[in-house]
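Structure at a glance
Each chain is listed here by its residues.
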Amino acid sequence: MLETLPMAPADPILGLTEAFKKDPNPNKINLGVGIYVDDEGLSPLFRTVHKAEEKLWRGAQPKAYLPISGSVEYGRAVQKLIFSADSPLIADKRLRTAQTPGGTGALRVAGDFLHTRFPKARIWFSNPTWNNHFNVFEAAGLEILEYPYFDPATHTLDWDGLLAGLRAIPAGDVVLLHGCCHNPTGVDPSPAQWDEIGRVLAEHNLFPLVDLAYQGFGDGVDEDAEGIRILARHLPEMLICSSFSKNFGLYNERVGALTVVAESDDAAERAFSHVKAVIRANYSNPPAHGALIVKTILAEDDLRAEWEAELVVIRGRVQQMRELFAATMKQKGVEQDFSFMIDQKGMFSLSGLSREQVDWLKREKAVYMVGSGRVNVAGMTARNMNALCDAVAEVLATVNVG
Ligand code: LMR
């Protein structure tokens, strides 16, 4: 059977990392996969993660199975992170959280839950969205459609298009929203716009599924949850998929969570029973270690404060790179104005470079970015900036936009 198989296409994001690793060019630059690097170009181990791991090692526990939905304390910590400790949603027991293998695991559980329980529901993505959303929800069996989101001409939110798009979605469908730091555009709605989005979703009986993979990478841990908190004022139900890959630097530990928001304690319990059935059939129960780290950091005031301070440094560095890139391109006399990047949030920006230009940069300069022109700003450093900007200036001057 296996003899008949052709190669599957490489993943547009993780496939790039494989190609980057093989590239012998010593000056190669990786702006592909969303990994934060420090000034040295290295992905740092968070100090707080190291401290939590030391603590866990000292108090080593046996490794029996976790419950299907993982640790209850971890789930509670996640809920507080999303909605704040004093949220009435917690007091009213309207939340249930499952510990999942990464944000992608949470998305897949959400997809399987939605498709098995609500087979008629379709899912709507922002155009554009994270490439892997297509793989996950297609594999779960959902029909995928798109609503307008981004205006490439202005590099900003296509607000009128977004609203009109949401209003046209039939009742009972699912709308996938990025909680903050939209991937790939870096463009988020303002609080007033979130309010309007919540109103429209409620009016049209649409079900929000929020992907929250960068909490703390935009303006702050609480600030970045503001959109979700606003939505929850308008909507009695939603699903939230959290990832702790970026904001704790726990990429390879696969730490995530799926939070169900329901109208009552009872409805939450019933919905969660189906989520657990999906998990049991999928990976049975979650891996423990990464979530233990997150739980340990969030449970202790000192560690939590230190973690937030680490995020301040990260946000500051990414912001500096946004500014330095725009300024260096200007300095090099490039006509295109990249100052739009300065106001964007999170790791990514859509550079506006065409697929041809992206291919040329990879081939000629060993500069790697996603085919859509998405750049991981968090992969830029003061050291690689000059070479990067020279390469981008050259491609802009020599390769036409396709
Ligand atoms: C990205 O978008 O680069 C990250 O979310 C990593 C991934 O899995 O694609």
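Above this text is the structure in question.
One structure accompanies this document, and this report is about it. Keep in mind it's a predicted model, so treat the numbers as computed, not measured. (Residues numbered from 1 in each chain as written. Predicted model: local features only at pLDDT ≥ 70, side-chain atom pairs only at ≥ 80, totals over all residues. Heavy atoms only, no water.)

The next subject is the packing of helix α5 (residues 102-117) against helix α10 (residues 265-282). Two numbers describe how α5 lies on α10: the axes approach to 9 Å, and their chain directions differ by 115°. The two elements α5 and α10 cross, and the hand of that crossing is right-handed. Across the interface between the two elements, Arg 108, Val 109, Asp 112, Phe 113, Thr 116 and Arg 117 of α5 pack against Ala 271, His 274, Val 275, Val 278, Ile 279 and Asn 282 of α10. In terms of residue class, the contact of α5 with α10 is built from 6 nonpolar, 3 polar and 3 charged. (Axes fitted to C-alpha atoms, helices over the stretch in contact; angles between N-to-C directions. Helix = DSSP H or I, 4+ residues; strand = E, 2+ residues; numbered from the N terminus. Left-handed = near helix turned anticlockwise from the far one by under 90°. Contact = heavy atoms within 4.5 Å. Nonpolar A, V, L, I, M, F, W, Y, C, P; charged D, E, K, R; others polar.)

Looking now at the pairing of strand β7 (residues 174-178). Residues in a regular strand point their side chains to alternate faces of the sheet. Of all 5 residues making up β7, 5 are buried, and the element is well covered by its neighbours. Where burial is concerned, the two faces of β7 agree: the one with Val 174, Leu 176 and His 178 and the one with Val 175 and Leu 177 are both buried. Taken together, the 2 bridges between strand β3 (residues 123-127) and β7 define a ladder with parallel strand orientation. Along β7, the bridge assignment pairs Ile 123 with Val 174. Note: β7 against strand β8 (residues 207-212), 5 bridges, orientation parallel. Note on β8: the bridge partner recorded for His 178 is Asp 211. Between β7 and its parallel partner β8, the chain crosses via helix α8 (residues 191-203), and the hand of that crossover is right-handed. (Buried < 20%, exposed > 50% of the residue type's maximum accessible area, 1.4 Å probe, protein only. Pairing = 2+ DSSP bridges. Right-handed = clockwise from strand over helix to strand, strands pointing away.)

So, on to the environment of Phe 134. Within the element layout of this structure, Phe 134 appears in helix α6 (residues 131-139). By relative accessible area, Phe 134 is classed as partly exposed at 29%. Separated by 149 residues in sequence, Phe 134 and Tyr 283 place their C-alpha atoms 21 Å apart. Excluding residues that lie within four positions of it along the chain, Phe 134 makes contacts with Phe 125, Thr 129, Ile 144 and Glu 146.

The next subject is the site of the ligand. Lining the immediate surroundings of the ligand are Ile 13, Val 33, Gly 34, Trp 130, Asn 183, Tyr 214, Lys 246, Phe 348 and Arg 374. Taking Trp 130, its side chain carries an N or O atom lying 2.9 Å from an oxygen atom of the ligand. Here an oxygen atom of the ligand and a side-chain polar atom of Lys 246 are 3.1 Å apart. When grouped by side-chain class, the residues that make up the shell around the ligand number 5 nonpolar, 2 polar and 2 charged. When we break the shell around the ligand down by domain, the ones giving at least three residues each are domain 1 (2-45 + 304-398) and domain 2 (65-299). (Near = heavy atom within 4 Å. Polar contact = N/O pair within 3.5 Å; in protein donor to acceptor, adjacent residues only side chain to side chain. Domains from an automatic or database assignment.)

All quantities given are derived from atomic positions and should not be read as evidence of function.
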